[in-house]
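Now for the letters of each chain:
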Amino acid sequence: MEVKRTFDLLTQLKEKYSFKQDILSIRTPKGWVKYSVDDYYRISHQLAYGLLAAGFEEGDRVIIITQNRPEWNFLDMALALAHMISIPVYPTLSEEDYRHILNHSGARAVFVGNERIWEMVHPLVEEMTLRPELFTINQIEGQKNWNELLQLGEQQSEKWAPVVEENKNKISPEEVCTIIYTSGTTGLPKGVMLKHIGLTFNAIGHANMQIRDHRHRMLSFLPLCHIYERSMNYEYQYLGISIYYAESLRSIARDMQEAEADGFCAVPRVMEMMYEKLQSKGNELKGISRHIYQWAFKKAQRFDYKRKDPFYKIPYAIADKLVYSKWRAALGGHELLIVSGGSSIQEKIIRLYTAAKMYIFEGYGMTETSPVIAVNNPKEMLIVIGTVGKQMPGIEMKLAEDGEILTKGICLMAGYYNDPEATKQVIDEEGWFHTGDIGKFNEEGYLRITDRKKEIFKLSAGKYIAPQMLENRFKECPYIENIMVIGENEKFASALIVPDFNRLQEWAQKNNIPFESHVDLVNNAQVKKMVMKEMDVINDKLAQHEQLKRFQMVPDEWSVATGELSQTMKLKRRVILKKYEKEIKGIYLHE
């Protein structure tokens, strides 16, 4: 059958993969809870009947706020079957963002996963003039629970089943299926309206490049409310791949082992943290074990798909036997397929994992494009490390004169909800969507993202600085965990740095430098001198105007919870500039 609406995935699952007993699974404190294809199909339809029986109508907008779990999928499919519009929202937003989305969307109902989210959302709903109905997924005493809708759907299935079947016939692929509020790094979130056909065409497009199939399992831990993980989940369903939801970010290694998973999706920050742990593990070893580990680590940096001679493969086989296989064993023992997106990832990280048969394939896309625009293709081995691959079939893409990436086609959004002016600002008269990203093609047509257009700034001497590119380069310094390059309208570029405090503490102890806190470490003259020396190794490879002449280490760790990072782990530059205004003035005080 042709899959052109999201709920068509359910019908195809039923027709092709009804034998699967674990199409959706979740790790709970009591173990894995698994749902078969038949369960998925039945519960989604029953919930759709319940929504209609409860008085919700065609076109109603419904908010879903929960961690990754099978119930998210049941709601997603039920709303599509009932001809309603789903609005998935991060469970970790600020009160201001929740209030904006609740009011701006005009939602008729809100589903929340647990008591913590309920405690955040309930008071905001209560203060609204037109209050949406609030349902919980976990049981909370005295509150409406989604099971009431399931029971209602079961009781009235005879009445509402024909309506849902009619919806399957009449819903156009061109209709809006979902509104996704972008997390953004500036301003209030905008509601991106995505169509059934955009979502399905895109998911099938990257599914056709997939080298895993219905015999495999994938772990899911990135938020389903983000279009990246959601699109990959649609891909898995299209291919009949079992989806296992991790209990939490802290339990990924254990959940990978227990699920015997064959891969996962990640953002660069997740892979950076895993890379740092592997590096630290090597530093803990002694003697010959340490030498072997470090040799294998360095050897991985020379990995390249294009090298085919057998002698090239021999040292990797030795390194795999002695080191890399142990890394895989910690994640379940399988050769892994890892998709990375959201922002640029350092080449050294891709080479390390890929050499260890945990293959990282980088892609590029945006919420507004449903999402994938370009991706490396493992099926046809169209892969170049350090690029985001070639444009996906059926997607139009070109570069503007200033290098900005433009795209259009079937996957492009219908616009920003209730915001035609914002829509006009990003989609030109010829229908090209202006991504705001700067890129360039290599000779073979592979795309490399170099920076965000709005983030590029000019020094007082007129030279341009692309901060994202520099930040990725300086993250190669072992003592830097996070970094933001600054210097707009100044004589030179500098940076705010979040150090790797574990490593910094080890170095300080080894060098008999006393400290009691992070503040002591970042302000110590010897520590600063050492970090500058490490940074100069990278500075020496850069153009004069790109070199970071000064920096200020900060004693804080940047996170989503503390506000410096967006939900997709990108720097919120305006927030950071405001928070460290005093420190930035100190950097440039004597200029």
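Since the model is a prediction, treat every value here as computed from it, not as a measurement.

Caption draft 1: View of the pattern of salt bridges. According to the stated counting rule, one finds 38 salt bridges in the structure shown. The closest approach of N and O atoms between Arg27 and Glu258, which form a salt bridge, is 2.6 Å. Separated by 231 residues along the polypeptide, Arg27 in strand S1 (residues 24-28) and Glu258 in helix H10 (residues 252-259) bring together distant segments of the chain. By relative accessible area, Glu258 is classed as partly exposed at 36%. Notably, a salt bridge pairs Glu133 with Lys144, separated by 2.6 Å at the nearest N-O pair. With a gap of eleven residues between them, Glu133 in strand S6 (residues 133-136) and Lys144 in the loop between S6 and helix H6 (146-155) connect regions that are remote in the sequence. Connected via shared salt-bridge partners are Arg27, Glu247, Arg254, Asp255 and Glu258.

Caption draft 2: Representation of the sheet that holds strand S20 (residues 447-452) within the structure. An order of S16-S17-S19-S20 is seen for the four strands of this open sheet, with the pairing classed as antiparallel. On the outer flanks of this sheet lie strand S16 (395-399) and S20, each paired with one strand and no other. Neighbour-to-neighbour, the strand axes of the sheet open up by a mean angle of 45°, direction not taken into account. Where S16 and strand S17 (residues 404-409) come together, five bridges link them in antiparallel fashion. Across the sheet, residue Met397 finds its bridge partner in S17, namely Thr407.

Caption draft 3: Structural context of unusual backbone geometry. Between Ser370 and Pro371 the backbone carries a cis peptide bond, its omega angle lying at -5°. Backbone geometry at His83 places phi at a positive 65°, although glycine is not the residue there. The topology assignment puts His83 in the loop between helix H3 (70-81) and strand S4 (85-89). His83 sits in the buried class, given a relative accessible area of 10%. Of note, Glu260 is a non-glycine position whose phi angle comes to about 50°, a positive value. Among the secondary structure elements, Glu260 is positioned in the loop between H10 and strand S11 (263-266).

Caption draft 4: Structural view of the state of the cysteines. Applying the stated rule across the entire model yields zero disulfides. Here Cys177 is not cross-linked by a disulfide; its sulfur's nearest cysteine counterpart is in Cys411, at 13 Å. Assessed through its relative accessible area of 2%, Cys177 is described here as buried.

Caption draft 5: Seen up close, the packing of aromatic side chains. Applying the stated criterion to the full structure yields 18 aromatic pairs. For the ring pair Phe297 and Trp327, a centre distance of 6.0 Å and an interplane angle of 70° mean the geometry is edge-to-face. Of this pair, Phe297 sits in helix H12 (residues 287-300) while Trp327 sits in helix H13 (residues 310-329), and the two are 30 residues apart along the sequence. Accessibility assignment for this pair places Phe297 and Trp327 in one class, buried. Taking 6.1 Å as the distance between ring centres and 45° as the angle between the ring planes, the aromatic pair formed by Trp558 and Tyr580 counts as tilted. Of this pair, Trp558 sits in the loop between strand S25 (548-553) and helix H20 (573-579) while Tyr580 sits in the loop between H20 and helix H21 (581-588), and the two are 22 residues apart along the sequence. With respect to burial, Trp558 and Tyr580 carry one shared label: buried. Every member of this aromatic cluster is reached through a ring pair, and the members are Tyr275, Tyr293, Phe297, Tyr324 and Trp327.

Caption draft 6: Quick look at the pairing of strand S2 (residues 31-35). Sheet topology note: the S1/S2 ladder contains five bridges and is antiparallel. Among the inter-strand pairings, Arg27 is bridged to a residue of S2, identified as Trp32. A loop of two residues connects S1 with S2, the two strands running antiparallel in sequence.

Caption draft 7: Fine view of the environment of Pro88. As for its placement among the helices and strands, Pro88 is situated in strand S4. Taking the C-alpha atoms as reference points, Pro88 and Gly341, separated by 253 residues in sequence, lie 19 Å from one another. Apart from residues no more than four positions distant in its own chain, Pro88 is found in contact with Ile64, Trp72, Thr178, Ile179, Ile180, Cys225 and Arg230.

Caption draft 8: Spatial organisation of the sheet that holds strand S23 (residues 480-486). A sheet is described by the order of its strands in space; here three strands give the open sequence S23-S24-S25, paired in mixed fashion. Looking at which strands have only one partner, the edges of the open sheet turn out to be S23 and S25. Taken pair by pair, the neighbouring strands of this sheet meet at an average axis angle of 30°, ignoring direction. In terms of strand pairing, strand S24 (residues 493-499) meets S25 through five bridges, oriented parallel. Its bridge partner lying in S25, Ile497 is registered against Met553. Contacts from helix H16 (residues 467-474) reach S23 and S25 within the one sheet, and its direction differs from that of S23 by about 150°.

Caption draft 9: Inspection of a nonpolar patch on the surface at higher detail. The grouping of Trp295, Phe311, Ile314, Ile318 and Leu322 at the surface amounts to a nonpolar patch, some 520 Å² of accessible area in total. Here the nonpolar patch takes four residues from H13, the largest share from any one element. Along the chain, the position of Ile318 falls in helix H13. Residue classification places Ile318 among the partly exposed positions, given a relative accessible area of 42%.

Caption draft 10: A look at the packing of helix H11 (residues 268-284) against helix H14 (residues 347-355). Where H11 contacts H14, the axes come no closer than 11 Å and their chain directions differ by 65°. Taken together, H11 and H14 sit at an angle that is classed as roughly perpendicular. Note that H11 runs across H14; the crossing there is left-handed. Every residue of H14 that contacts H11 at Met271, Glu272, Met274, Tyr275 and Leu278 is listed here: Lys348, Ile349, Leu352 and Tyr353. Of the residues that constitute the contact of H11 with H14, the class distribution is seven nonpolar, no polar and two charged.

Caption draft 11: Here's a closer look at the side chain of Thr182. Topologically, Thr182 is positioned in the loop between strand S7 (176-181) and strand S8 (191-195). What makes Thr182 buried here is its relative accessible area of 17%. Beyond its immediate chain neighbours, meaning those up to four positions away, Thr182 contacts Pro189, Lys190, Val192, Thr367 and Glu368.

Caption draft 12: Fine view of the pairing of S23. Among the seven residues that make up S23, seven are buried, leaving the element largely enclosed by the rest of the structure. The pairing of S23 with S24 spans six bridges and is antiparallel. By the bridge assignment, Ile483 is partnered in S24 with Ile497. Two successive antiparallel strands, S23 and S24, enclose a turn made up of six residues, where Gly487 displays a positive phi of approximately 135°.

Caption draft 13: Region of interest: H10. Of all the positions in H10, only Ile252, Asp255, Met256 and Ala259 are classed as buried. Projection of H10 onto a plane perpendicular to its axis shows the buried side chains occupying an angular sector of 105°, all on one side. Among the structural elements, S1, S2, strand S9 (217-220), strand S10 (242-245), S11 and strand S12 (336-340) are those in contact with the buried residues of H10. Just beyond H10, the residue with positive phi is Glu260, at close to 50°.

What counts and how
- Counting from 1, residues in each chain are numbered in the order their sequence is written.
- Note on the predicted model: pLDDT of at least 70 is required for a residue's local features to be given, and 80 or more for side-chain atom pairs to be given and counted; whole-chain, interface and lining totals, by contrast, use all residues.
- Side-chain descriptors were evaluated using all non-hydrogen atoms of the structure, hydrogens and water having been removed beforehand.
- Whenever Lys or Arg places a side-chain nitrogen within 4 Å of a carboxyl oxygen from Asp or Glu, that contact is recorded as a salt bridge.
- Only DSSP runs of H or I reaching four residues or more are called helices, and only runs of E reaching two or more are called strands; each is numbered from the N terminus.
- Type-normalised accessible area, obtained with a 1.4 Å probe on protein chains alone, sets the label of each residue: buried when under 20%, exposed when over 50%, and partly exposed for intermediate values.
- A strand pair is defined by DSSP finding two or more bridges across the two strands.
- Only C-alpha atoms enter the line fits that serve as axes; for helices the fit covers just the stretch in contact. Angles between N-to-C directions range over 0 to 180 degrees.
- Pairs of cysteine sulfur atoms within 2.5 Å are identified as disulfides in what follows.
- The rule is short: rings of Phe, Tyr and Trp, with Trp giving its six-membered ring, pair when the centres are within 6.5 Å, and they are stacked under 30 degrees, edge-to-face over 60, tilted in between.
- Two residues form a contact once any of their heavy atoms are found within 4.5 Å.
- Two joining distances apply to patches: 9 Å for like charges and 5 Å for nonpolar side chains (Val, Leu, Ile, Met, Phe, Trp, Tyr), and every residue must have over 30% relative accessible area and no salt bridge.
- Where accessible areas are quoted, they stem from the Shrake-Rupley method and a 1.4 Å probe; at the residue level, only the protein chains shown are allowed to cover.
- Oblique is the label for every angle not falling under 35 degrees (roughly parallel), over 145 degrees (roughly antiparallel), or within 65 to 115 degrees (roughly perpendicular).
- By the definition used in this description, the sense in which the near helix is turned from the far one sets the handedness, with an anticlockwise turn below a right angle giving left-handed and a clockwise turn giving right-handed.
- Three classes are used, and their members are as follows: Ala, Val, Leu, Ile, Met, Phe, Trp, Tyr, Cys and Pro are nonpolar, Asp, Glu, Lys and Arg are charged, and the others, Gly among them, are polar.
- Arc definition: directions from the helix axis to the C-beta atoms.

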